[in-house]
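An overview of the molecular structure
So the chains spell out like this:
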Amino acid sequence: MAFVLPDLPFAKDALGDNMSAETLDYHHGKHHKAYVDKTNGMVEDDKHDISDKSLTGVIKHAKEHGEKGLFNNSAQIWNHSFFWLGLAPEGSTKPSEKLQSMIDNDFGSTDKMLEALQNESANHFASGWGWLILNNGKLEVTSLHDADTPVVHGMTPLFTVDVWEHAYYIDYRNARPDYLKSVLNNIVNWDFVSQNLDGNGISRADQDG
């Protein structure tokens, strides 16, 4: 069974000026879809029998066998699916008590955590992803290059922000910091982040093969 482009978890105009419907048309409808289409073609042509693997199974297989093209495209499906789930209309969600307590303990405040994630993502050289992760019971901020993903690093991802140029160029041109400030301060889906803290949301980015 082929992988499919997942629907956005919100209407294309739901994020307002933070992320336009035009950006979502291109980012989700063209870039994300292209990763799905290319992955399906590569899985079909792969010399190994991987057609029954889940998306994370394909990603791990590609990493293990050095299949860079398959890894890049399949990992980008997962990263993008996780990214969309982490967004929500402005002001519609808030951190759970557990998440808020951990943010306060590990960063001092939500503002300081978001500032750390914004700085990490803004200063990430070239394409990639900024991540809020859970590591040994503590919240941490990190970034990964290109299509790299926590799926193959044993990290527990809680939230990600896309810093590939196609994520923001329509709305913000080359002003990555403005894009990050808008996304991180206005449209984080804190319900999803809170669910990921307990391991209840992450699997929604996966698909069966």
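Computed from a predicted model, the values in this text were never measured in an experiment.

Thresholds, definitions, all that
- Residues numbered from 1 in each chain as written.
- Predicted model: local features only at pLDDT ≥ 70, side-chain atom pairs only at ≥ 80, totals over all residues.
- Heavy atoms only, no water.
- Core = buried A, V, L, I, M, F, W, Y, C linked by side-chain atoms within 4.5 Å.
- Buried < 20%, exposed > 50% of the residue type's maximum accessible area, 1.4 Å probe, protein only.
- Helix = DSSP H or I, 4+ residues; strand = E, 2+ residues; numbered from the N terminus.
- Contact = heavy atoms within 4.5 Å.
- Pairing = 2+ DSSP bridges.
- Axes fitted to C-alpha atoms, helices over the stretch in contact; angles between N-to-C directions.
- Polar contact = N/O pair within 3.5 Å; in protein donor to acceptor, adjacent residues only side chain to side chain.

Bringing the nonpolar core into the picture now. It is characteristic of soluble globular proteins that their nonpolar side chains tend to be buried jointly. Counting 59 residues, the largest nonpolar core has Met19, Trp78, Leu87, Leu139, Phe159 and Tyr179 as its most contacted members. Sorting elements by how many residues they give to this core places helix 3 (residues 68-85) first, with nine residues. In this structure leucine 139 touches Leu99, Met102, Ile103, Asp106, Phe107, Leu132, Ile133, Leu134, Leu158 and Leu197, once residues within four positions along its chain are discounted.

Taking strand neighbours across the sheet as the criterion, the three strands line up as 2-1-3 in an open arrangement whose pairing is antiparallel. For this open sheet the edge positions go to strand 2 (138-145) and strand 3 (156-162), each flanked by a neighbour on one side alone. Strand-to-strand twist in this sheet, taken as the mean axis angle between neighbours without regard to direction, amounts to 25°. Both strand 1 (residues 128-135) and strand 2 contribute to a ladder of eight bridges, which runs antiparallel. The residue bridging leucine 132 from the neighbouring strand is valine 141, located in strand 2. On top of the sheet, helix 4 (residues 97-107) reaches strand 1 and strand 2; it is set at about 80° to strand 2, its chief contact. On top of the sheet, helix 5 (residues 110-122) reaches strand 1, strand 2 and strand 3; it is set at about 15° to strand 2, its chief contact.

Next up on the list: the side chain of serine 20. Within the fold, serine 20 resides in the segment before helix 1 (21-45). For serine 20, the side chain forms a polar contact with the main-chain nitrogen of threonine 23, separated by 3.1 Å.

By themselves, these figures tell us nothing about what the structure is for.
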